Amino acid sequence: MAHHITIETPRLLLRPLTVADAPAVFAWGSDPEVNRYMAYLLERSVADAEAWLRQVEQADGRSDYDFGFVRKADGLLIGSGGVYRRKKEFWRRPWWVLGYNLRRDCWGQGYATEAARAMLDFARTQRGARIFLAEHAVDNPASGRVMEKCGMKCEGAGQYAKLDGSQIFQTRRYRLEV
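Quick notes on the rules
- Residues numbered from 1 in each chain as written.
- Predicted model: local features only at pLDDT ≥ 70, side-chain atom pairs only at ≥ 80, totals over all residues.
- Heavy atoms only, no water.
- Core = buried A, V, L, I, M, F, W, Y, C linked by side-chain atoms within 4.5 Å.
- Buried < 20%, exposed > 50% of the residue type's maximum accessible area, 1.4 Å probe, protein only.
- Helix = DSSP H or I, 4+ residues; strand = E, 2+ residues; numbered from the N terminus.
- Contact = heavy atoms within 4.5 Å.
- Salt bridge = Lys/Arg side-chain N within 4 Å of Asp/Glu carboxyl O.
- Polar contact = N/O pair within 3.5 Å; in protein donor to acceptor, adjacent residues only side chain to side chain.
- Phe/Tyr/Trp six-rings, centres within 6.5 Å; stacked < 30°, edge-to-face > 60°.

1. Some points on the nonpolar core
Counting residues in each nonpolar core, the largest one holds 31 residues, and the members touching the most others are Leu14, Phe69 and Leu98. Counting residues per element, the ones that place at least two in this core are β2 (12-15), β3 (64-71), β4 (77-90), β5 (93-102), α4 (111-127), β6 (131-137), α5 (141-149) and β8 (168-177). Of the residues forming this core, the biggest block, nine residues, is contributed by α4. Beyond its immediate sequence surroundings of up to four residues, Leu98 is in contact with Gly82, Val83, Ala116, Met119, Leu120, Leu133, Ala134 and Met152. Counting residues in hydrophobic clusters, the runner-up holds 10 residues, among them Leu17, Val34, Ala49 and Val56.

2. A look at the pattern of salt bridges
Taken as a whole and assessed by the stated rule, the structure comprises 11 salt bridges. For Glu33, the salt bridge identified is with Arg36, shortest N-O distance 3.5 Å. Via salt bridges that share partners, Glu155, Arg175 and Glu177 belong to a single interconnected network.

3. What about the side chain of His3?
Tracing the chain through its elements places His3 in the segment before β1 (7-8). Among the polar contacts listed, one links the side chain of His3 to the backbone nitrogen of Ile5, at a separation of 2.9 Å. A polar side-chain atom of His3 sits 2.7 Å from the main-chain carbonyl oxygen of Asp66. With residues near it in sequence (within four places) discarded, His3 still touches Pro16, Gly61, Asp64, Tyr65, Asp66 and Phe67.

4. A few points about the side chain of Asn101
Turning to its location among the elements, Asn101 is positioned in strand β5. Excluding residues that lie within four positions of it along the chain, Asn101 makes contacts with Trp28, Met38, Tyr40, Phe69, Gly79 and Ser80.

5. A closer look at the packing of aromatic side chains
Applying the stated rule across the entire model yields five aromatic pairs. Considering the side-chain rings of Tyr37 and Phe169, the 6.0 Å spacing of their centres and the 70° angle between planes classify their relative orientation as edge-to-face. Of this pair, Tyr37 sits in the loop between α2 (32-35) and α3 (46-57) while Phe169 is found in strand β8, placing the two residues 132 residues apart along the sequence. Here the aromatic rings of Tyr65 and Trp96 are separated by 6.2 Å at their centres, their planes lie at 20°, and the arrangement is stacked. Placement of Tyr65 in strand β3 and of Trp96 in strand β5 is noted, with a sequence separation of 31 residues between them. Classification of Tyr65 as buried rests on a relative accessible area of 1%.

Below, the structure written as structure tokens:
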């Protein structure tokens, strides 16, 4: 079962996602520019968003924390992201992955950094997380700037693919140890 955690920042409310969020999720999940560097496939219908949200609702609420980013000024769900504990040990300690995405009309306004910092702080203070990893496509340097603003350091290169294998992205990998 999904978590029931809510986090408040100066401009955002980070809350659990529900199937009722499907129309808002579809707004960015169907945007080719938002989807350009994401592993998930372009959503073709609200039903695609509903299917993903059903999976989120069934996630392990003790190690996977997906959040919807609600802008407090108008109540609009503008993005999503999360922190995810990985079971495999890294330097004999558990590690966490950070991820995020936003509607295109919300890019460049600091929302991703604000949400990412809040999720990292939650995992650190409430779940004892000490090692965080994240990566971004080389051709998407704005995501790397978010990671750097959160204190993450670039540690090398890698790659990931779209879930259907249709595209492979060269990446920069980041790490934060607190």
